[in-house]
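Overview (structure and organization)
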Amino acid sequence: MGTEPEHGRPALVDRWRESADRHLDPTKRSLLAMWISFGTTWGTVRLITHGIRGGWLPWGNISTGGRHLHHYNLGIATLAGVGLIAVRGDERAVGHPAIAAAYGAGTALITDEFALLLDLRDVYWAKQGRLSVDVCLGILSVLGTYLTARPFWHEIATVTRHHVGAAARRRLAPAP
């Protein structure tokens with residue numbers, strides 16, 4: 001069963017792994033990796049772009065030949081690589097969570113600059129609609145992550161709550 005602390009119960013991380021084994025088949029694991037990667041990439045890109053624009057990060061935009069390289073270009077390249085793997089048909093790679101994570105990251109890089117692609121103008125920082133797009137993409141990421149593996153998340157919450165409660169009771173119990 002996992003490492004057993006002195007009180008005889010498995011460690012919390014081992015219980016999480018057991019829950020994952022019960023609830024997450026390979027497809028759900030890949031979907032979960034995709035959604036988590038999407039949300040993490042999208043949030044990181046938002047943080048970096050705000051840091052560059054606000055001047056509180058020590059680097060600037062990426063440019064080549066005097067032209068700004070938008071991060072949607074990196075997303076397109078990532079999705080092209082994932083597509084190549086899918087077309088090639090290597091079953092071990094196609095369903096692998098790392099490929100799903102790359103897909104989620106590439107999709108987030110493109111989605112974050114979708115207005116630029118739609119208008120073919122750099123409207124990235126236009127106030128009109130930017131906040132609503134940010135909120136919608138954040139909600140989409142969290143909702144997708146949750147709905148992909150809802151029974152798993154419910155069991156993780158229960159296991160964690162019981163683990164924390166048992167730890168608190170042990171600390172409050174009088175010493176023998």
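The present account deals with the structure reproduced in this document.

1. Re the overall build of the protein
On a plain count of helices and strands, the protein comes out with eight helices and two strands. Going from N to C terminus, the protein has its helices and strands arranged as α-α-β-β-α-α-α-α-α-α. In the protein, the proportion of contacts linking residues at least 24 apart, taken out of those at least 6 apart, comes to 68%. Within the structure as shown, the protein displays about 11,600 Å² of accessible surface, and the carbon and sulfur contribution to it stands at 65%.

2. Some thoughts on the nonpolar core
Grouped together as the largest cluster of nonpolar side chains are six residues: Ala20, Leu24, Leu32, Ala149, Phe152 and Ile156. For alanine 149, the contacting residues outside a window of four places in its chain are Leu24 and Leu32.

3. A few points about the environment of alanine 86
Looking at where alanine 86 falls in the secondary structure, it is placed in helix α3 (residues 71–88). By relative accessible area, which is 44% here, alanine 86 ends up partly exposed. Spatially, the C-alpha atom of alanine 86 lies 9.3 Å from that of isoleucine 99, the residues being 13 residues apart in sequence.

4. Some points on the pattern of salt bridges
What the rule picks out here adds up to five salt bridges. Residue aspartate 90 pairs with arginine 88 through a salt bridge whose shortest N-O separation is 4.0 Å. By relative accessible area, aspartate 90 is classed as partly exposed at 25%. Under the relative-accessibility criterion, arginine 88 is labelled exposed at 67%.

5. A word on α3
With 18 residues, α3 extends 26 Å between its outermost C-alpha atoms, agreeing within 8% with the 26 Å of an ideal straight helix rising 1.5 Å per residue. Of the residues making up α3, those classed as buried are His71, Tyr72, Gly75 and Val82. The buried residues of α3 occupy one face: seen down the axis, they fall within an arc of 95°. Away from its buried face, by an angle of more than 90 degrees, α3 presents the exposed residues Leu84, Val87 and Arg88. Of the residues one or two after α3, glycine 89 is the one with positive phi, at around 80°.

6. Topic: the packing of aromatic side chains
For any pair of aromatic rings, the description rests on two quantities: the centre-to-centre distance and the angle between the ring planes. All chains considered together, the criterion is met by two aromatic pairs. With a centroid separation of 6.0 Å and an interplanar angle of 70°, the aromatic rings of tryptophan 35 and phenylalanine 38 are classed as edge-to-face. Taken together, the positions of tryptophan 35 and phenylalanine 38, both in helix α2 (residues 26–54) and three residues apart, correspond to about one turn of that helix. Given the relative accessible area of 17%, tryptophan 35 is considered buried.

7. As for the packing of α3 against helix α5 (residues 97–112)
Running from N to C, α3 and α5 cross one another at 150°; their axes reach a closest spacing of 7 Å. In terms of axis orientation, α3 runs roughly antiparallel to α5. Taken as a pair, α3 and α5 cross one another with a handedness that is left-handed. Across the interface between the two elements, His71, Tyr72, Leu74, Gly75, Ile76, Thr78, Leu79, Val82 and Ile85 of α3 pack against Ile99, Ala102, Tyr103, Gly106, Thr107, Leu109, Ile110 and Asp112 of α5. The residue inventory of the contact of α3 with α5, partitioned by class, reads 11 nonpolar, five polar and one charged.

8. Observations regarding helix α8 (residues 150–172)
For α8, with 23 residues, the first-to-last C-alpha span of 33 Å sits near the 33 Å given by 1.5 Å per residue. Within α8, burial applies to Phe152, Glu155, Ile156, Val159, Gly165, Ala166 and Ala167. Against the buried residues of α8 lie α1 (12–23) and α2.

Conventions we followed
- Residues numbered from 1 in each chain as written.
- Predicted model: local features only at pLDDT ≥ 70, side-chain atom pairs only at ≥ 80, totals over all residues.
- Heavy atoms only, no water.
- Helix = DSSP H or I, 4+ residues; strand = E, 2+ residues; numbered from the N terminus.
- Contact = heavy atoms within 4.5 Å.
- Areas by Shrake-Rupley, 256 points an atom, 1.4 Å probe, with all protein chains shown as cover.
- Core = buried A, V, L, I, M, F, W, Y, C linked by side-chain atoms within 4.5 Å.
- Buried < 20%, exposed > 50% of the residue type's maximum accessible area, 1.4 Å probe, protein only.
- Salt bridge = Lys/Arg side-chain N within 4 Å of Asp/Glu carboxyl O.
- Expected span 1.5 Å × (residues − 1).
- Arc of directions from axis to C-beta.
- Phe/Tyr/Trp six-rings, centres within 6.5 Å; stacked < 30°, edge-to-face > 60°.
- Axes fitted to C-alpha atoms, helices over the stretch in contact; angles between N-to-C directions.
- Parallel < 35°, antiparallel > 145°, perpendicular 65-115°, else oblique.
- Left-handed = near helix turned anticlockwise from the far one by under 90°.
- Nonpolar A, V, L, I, M, F, W, Y, C, P; charged D, E, K, R; others polar.

Any functional reading would require information beyond the geometric quantities listed.
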